[in-house]
Amino acid sequence: MYGAPAGSDGRSPAAPPTSFSPGIHGKGLDGKANSAPSTWPSIDQLIAAVPVRPYAFEAPKSFAGPAGGNGVQYGILEYAGSIPKPHASGEAKFSVLKGVLTDNEAAQLLSMCSQTLSEEIGSGRARDLDSVDGRPRFAVDIAEFGVLSSKCAPDVRPLVETALLPLVRQKYDCPTASLSSAYFRRFVPEERRFVPPHYEHGSFAVLVIALQEPTSYTGGFFVQGSGKAFMDRRFIQLSRGDICLFQYDLCHGVDVQEGSQLELVLHFKDSPQAVADGTFPWYWSLAKENHSAGLYGHALSLAVQNRFSAKEFLDKACEQDHVEALCTAAEWCWEPPTESGLQESSASAVALWRRAAELGHCRSRSRYGGLLMQGVPGRLAQDLWEGKRLLRLAFEQDDPDAAFHLGHALLQDGDRDGATKLLAACAKGHPRACFQVAEMYREGQFQFPKDVQQSIRYTKWAAHQGDAQALSNLGHMLINGMGVVKDEAKAVRLFRHAAKLGAAEGMLNYGLALLRGSGGVKVDYQEALEWAQKSAALGHGLAHQQLSMFFNAAKHPNPPARCVPSSMEELRSLGVRELRDLLRLEGIDFSDCVEKSDLIARAALHLPGVAEPWDAAPEHTVLLEPKKLSKEDIMRQRAQAAASKPSGQGYGTAPVDTVDKGANEPAVKLSEASGGPAQEKEQMPTAKQEGEPLPDVFELVD
């Protein structure tokens, strides 16, 4: 039995407003007509309402490039642009260089990097947290500390040494500039979609290479000249082979609203020594002039070296109301960095956040507002009114965290406008918002139509970004076949990941899998007991109830492990029936396997030593359960088949092609695939009917 979703109060909403139509022209998010009334705009509608204003460049000028370099060879045109610095005086300059890479060079880079990144993400890697927003980067490093990776060096090194590095040195008159790091990242559906506006404080220069045409996505790389997100945000249209070049003082970000974007980003420092030390020496000249941005940058450079004098320069920048410095100082006061020697001071942190919020700093408004909504015993008193006010201001500045916290709070108060805020956060890929919206679709709360497919989609999206509860819920759906094809092996892997990330439901579910050997996992009573105890320690009620079962099992020795193939040669020696039996015992779905080679390839993914797949990634699809026809649909098909049969032909011999392909087209396709009439297919018994109660194990997050 399902409980209320996380973040809802379970109260029945009042009569809904009628200002929004469900989905697009009466359709849901998947384009299908909704049978139940809905009042919320779809994500497509929310995205369509967001303006995408391109930056208007003036006439280009020719960029000669280094003597004998690729600038003359490629005939580069330079578009120069500038935009005001948010919360500061002056303008930040940037340049767009057209056609630096040929189509062949861009295609070669795209093929190599995208294949490498897809393999990394599909196996659960490439998930390092981004320092900008603390979420997975979904990027693969091409170079670190100036050293190119061995896999990418043959293709990237000639391009960097002959074209890109000379270009940076000439553009910024810095002959000692050196490559610091480089990475390839992607923005695809059901993954990361948004990088908040930020500065690259640790890079003297940044170079973004576009590897696609701008028609393949909407939005993309943008620059921002103030704290007003939609008023002063301008998108840079980059074609394949174009380069955007800028320095540390440009406020920029990424917002991919539709489609997929893939790009290569290179960071440069002003000297090889700075690359080796990881410092930012270019700020020192500004710091000596008591420039607020220079003081803040130099403080960050000293912090990298764990030098205590960083706080001195940070305080000087705060005295000049530098908003980034105020926010960083507040974080250091609230939670001092390790080995910094700083003392915790809640009062100082609150004062600094409040000052930065007054100056319009988005991240400070979101962070401080979120803390006020929750309250911290002994450190910060709860203030719902002030917290909502700050979150609304941050939401207007397009902050996904503020959208989630504000939507969560509004729904708790019975204000159904919170659902719109959650959908806006979902459009940015916020994991907790995706999880909560998935629960609303599953339960049909707050005028959301009950839609299992949409619930699975958002649960998988949240799980891919590392949400522990979403991982456990996705595993629960897979192990019970709730709208998807049952796959115990995937479910157990998801339970394991959820347990390691601290979800109480994941711990209990993984313990049950170890207890029973579900999904091919080796039975281990002792480890199962440990996970059940951890779940009970976190307050999970069912774990408390079933502890006695785990204790009784732990009194007995573990049963012997099954003998399974350990190499490709052993798999090839098995017959088709043996391969199917092996996959069935391991809990691996093989419904889409047609030939023996398909069965071998599926079993080879689970050989010892093979990297474990990250099942929530877009590379691994979840097979949806085919729709079951109702009794009325079956009777309608029979009547249509009887009416369309030729004279003298029996009912049971009516060809499938004579069935009317109207509202029952899915059933016709099902019968064609099975080789028999649709009505006979529907009369076959199924393993699990819709009305059958779910088992009381493998719990779903309430």
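Here the structure is a predicted model, which means the values were calculated and not measured. (Residues numbered from 1 in each chain as written. Predicted model: local features only at pLDDT ≥ 70, side-chain atom pairs only at ≥ 80, totals over all residues. Heavy atoms only, no water.)

**Some words on the overall build of the protein**
Applied cut-off: Secondary structure elements are defined from DSSP: runs of H or I of at least 4 residues count as helices, runs of E of at least 2 residues count as strands, and each element is numbered from the N terminus. Only protein chains enter the accessibility calculation, which uses a 1.4 Å probe. A residue is then buried if its area is under 20% of the maximum for its type, exposed if over 50%, and partly exposed in between. In what follows, residue pairs with any heavy atoms lying within 4.5 Å of each other are defined as contacts. Exposure was quantified through the Shrake-Rupley algorithm and a 1.4 Å probe, taking into account, for residues, occlusion by the shown protein chains and nothing else.
For the protein, the count of helices and strands is 27 helices and 13 strands. A burial count over the protein gives 51% of its 702 residues as buried. Here the analysis covers contacts within the protein between residues at least 6 apart in sequence; of these, 65% occur between residues at least 24 apart. Per element, the accessible surface of the protein, about 32,200 Å² overall, is 52% carbon and sulfur.

**Overview of the environment of Glu-191**
Stated precisely, the cut-off is as follows: Here a polar contact means two N or O atoms within 3.5 Å. Within protein one must be a hydrogen donor candidate and the other an acceptor candidate, and residues neighboring in sequence count only if both atoms are side-chain atoms.
You can see Glu-191 is positioned in the loop between strand E6 (178-187) and strand E7 (194-198). Under the relative-accessibility criterion, Glu-191 is labelled buried at 0%. A sequence separation of 239 residues divides Glu-191 from His-430, and the C-alpha atoms of the two residues are 9.5 Å apart. Not counting residues up to four positions away in its chain, the partners in contact with Glu-191 are Ile-121, Phe-138, Arg-186, Gly-429, Trp-461, His-464 and Pro-618. Among the polar contacts made by the side chain of Glu-191, one reaches the side chain of His-464 at a distance of 2.8 Å.

**A look at the pattern of salt bridges**
Applicable threshold: For this analysis, a salt bridge means a side-chain nitrogen from Lys or Arg found within 4 Å of a carboxyl oxygen belonging to Asp or Glu.
Enumeration over the complete set of coordinates arrives at 37 salt bridges. Of the charged contacts in the structure, one is a salt bridge between Lys-171 and Glu-78, with a shortest N-O distance of 2.3 Å. Placement of the pair is Lys-171 in helix H4 (residues 153-171) and Glu-78 in strand E2 (residues 77-84), with a sequence separation of 93 residues. Take Glu-78: its relative accessible area is 3%, and that puts it in the buried class. Here Glu-619 and Arg-186 are joined by a salt bridge, their closest N and O atoms 2.7 Å apart. Of the two residues, Glu-619 sits in the loop between helix H24 (596-604) and helix H25 (631-644) while Arg-186 sits in strand E6, which places them 433 residues apart along the sequence. Of the residues examined, Glu-619 reaches a relative accessible area of 28% and is grouped as partly exposed. Put simply, Asp-130, Asp-133, Arg-135, Arg-192 and Asp-401 are held in one network by salt bridges that share partners.

**Describing the environment of Pro-175**
Note on placement: Pro-175 falls in the loop between H4 and E6. For the pair Pro-175 and Asp-270, spaced 95 residues apart in sequence, the C-alpha separation works out to 8.3 Å.

**Topic: the sheet that holds E7**
In plain terms, the rule: We call two strands paired when DSSP finds no fewer than two bridges between them. Geometry is summarised by axes, namely lines fitted to C-alpha atoms with helices restricted to the contacting stretch, and by angles between N-to-C directions that run from 0 to 180 degrees.
The strand order across the open sheet built from four strands is E7-E12-E9-E10, with neighbouring strands paired in antiparallel fashion. Strand pairing shows two members of the sheet lacking a second neighbour, E7 and strand E10 (233-235), which therefore form its edges. Taking each pair of neighbouring strands and ignoring which way they run, the sheet shows an average axis angle of 30°. Alignment of strand E9 (residues 217-224) against strand E12 (residues 252-259), held across seven bridges, turns out to be antiparallel.

**A closer look at the confidence of the model for the protein**
What counts, and what does not: Confidence scores labelled pLDDT are given residue by residue by the predictor and lie between 0 and 100.
Residues at a pLDDT of 70 or more form 82% of the protein, whose mean pLDDT is 82. By mean pLDDT, the top-scoring element of the protein is strand E8 (residues 205-210) (96), and the lowest-scoring one is helix H26 (residues 665-674) (35). Contacts from residues 1-38, a stretch scored under 50 in pLDDT, to residues over four places away or in other chains number 81 contacts. Low pLDDT, under 50, characterises residues 67-74; the predicted model gives this stretch eleven contacts beyond four residues in sequence or across chains.

**Focus: the side chain of Gln-212**
Within the secondary structure layout, Gln-212 lies in the loop between E8 and E9. A polar contact is formed between the side chain of Gln-212 and the backbone oxygen of Ser-260, at a distance of 3.4 Å. Discounting residues that sit within four places of it in the chain, Gln-212 has contacts with Tyr-217, Leu-238, Ser-239, Arg-240, Ser-260, Gln-261 and Leu-262.

**Brief notes about the sheet that holds E6**
Strands in a sheet are paired, the pairing made by backbone hydrogen bonds, and the direction either parallel or antiparallel. Taken together, nine strands build an open sheet; the order of strands is E1-E2-E3-E11-E8-E13-E6-E4-E5 and the sheet is antiparallel. Both outer strands of the open sheet, strand E1 (61-62) and strand E5 (147-148), are each paired with one neighbouring strand and no more. Sheet contacts for helix H3 (residues 103-122): strand E4 (139-144), E6 and strand E13 (261-269); angle to E6, the most-contacted strand, approximately 70°.

**Let's talk about the packing of aromatic side chains**
The line we're drawing: In this analysis, rings of Phe, Tyr and Trp, with Trp reduced to its six-membered ring, are considered paired at centre separations within 6.5 Å, and the interplanar angle assigns stacked below 30 degrees, edge-to-face beyond 60, and tilted for intermediate values. In this scheme, the term charge over a ring applies when either NZ of a lysine or CZ of an arginine sits within 6 Å of the ring centre and within 35 degrees of the ring normal.
Under the definition given, this model contains 19 aromatic pairs. Between Phe-280 and Trp-282 the ring centres are 5.9 Å apart and the planes differ by 35°, which places this aromatic pair in the tilted class. Among the aromatic residues, ring-to-ring pairing joins Tyr-172, Phe-204, Tyr-248, Phe-280, Trp-282 and Tyr-283 into one connected group. Geometry around Phe-313 places Lys-316 over its ring, the cationic atom sitting 5.5 Å from the centre. Lying across the ring of Trp-334, Arg-379 places its NZ or CZ 3.9 Å from the centre.

**A few points about the environment of Ser-567**
Inspection of the secondary structure assignment puts Ser-567 in the loop between helix H21 (541-554) and helix H22 (568-572). Spatially, the C-alpha atoms of Ser-567 and Ala-604 are 7.9 Å apart, while their sequence positions differ by 37 residues.

**A look at the pairing of E13**
For E13, the tally of buried residues reaches nine of nine residues, placing the bulk of the element in the interior. Here E13 shows no split at all, with Gln-261, Glu-263, Val-265, His-267 and Lys-269 on one side and Leu-262, Leu-264, Leu-266 and Phe-268 on the other all buried. Of the pairings in the sheet, the one linking E6 to E13 comprises nine bridges and is antiparallel in character. Pairing of Leu-179 across the sheet is with Phe-268, part of E13. Pairing analysis gives six bridges linking E8 to E13, with the strands arranged antiparallel.

**Some details on the side chain of Glu-200**
How we decide: Counted charges follow a simple rule, with Lys and Arg positive, Asp and Glu negative, and His plus the chain ends left uncounted.
Assignment of secondary structure puts Glu-200 in the loop between E7 and E8. For the buried Glu-200, no salt bridge exists, and the shortest N-O distance to an oppositely charged side chain is 6.1 Å, to Arg-185. For Glu-200, the side chain forms a polar contact with the side chain of His-252, separated by 3.5 Å.

**Concerning helix H10 (residues 346-358)**
Applied cut-off: One less than the number of residues in a helix, times 1.5 Å, gives the span that helix is expected to have. Directions pointing from the helix axis toward each C-beta atom define the arc.
The terminal C-alpha atoms of H10 lie 18 Å apart, and with 13 residues this matches the ideal 18 Å at 1.5 Å per residue to within 8%. When H10 is considered as a whole, its buried residues turn out to be Ser-346, Ala-349, Val-350, Leu-352, Trp-353, Ala-356 and Ala-357. Seen from one end, H10 has its buried residues packed into an arc of 165°, which puts them on one side. In this structure, H10 carries Ala-347 and Glu-358 as exposed residues pointing more than 90 degrees from its buried face. Looking at the buried residues of H10, the elements they touch are helix H9 (323-334), helix H11 (362-374) and helix H12 (384-396).

**Some details on the packing of H11 against H12**
Our working rule: Any angle that is under 35 degrees is reported as roughly parallel, and any over 145 degrees as roughly antiparallel; angles of 65 to 115 degrees are reported as roughly perpendicular and all others as oblique. In a left-handed crossing the near helix is turned counterclockwise from the far helix by less than a right angle, and in a right-handed crossing that turn is clockwise. In this classification, Asp, Glu, Lys and Arg are treated as charged, Ala, Val, Leu, Ile, Met, Phe, Trp, Tyr, Cys and Pro as nonpolar, and every other residue, Gly included, as polar.
Look at H11 against H12: their axes get within 8 Å of each other, and the N-to-C directions meet at 150°. The angle between H11 and H12 places the two elements in the roughly antiparallel class. For the pair H11 and H12, the sense of crossing is left-handed. Two secondary-structure elements touch here, H11 through Cys-362, Arg-365, Ser-366, Tyr-368, Gly-369, Gly-370, Leu-372 and Met-373 and H12 through Leu-384, Glu-386, Gly-387, Lys-388, Leu-390, Leu-391, Leu-393 and Ala-394. The residue inventory of the contact of H11 with H12, partitioned by class, reads nine nonpolar, four polar and three charged.

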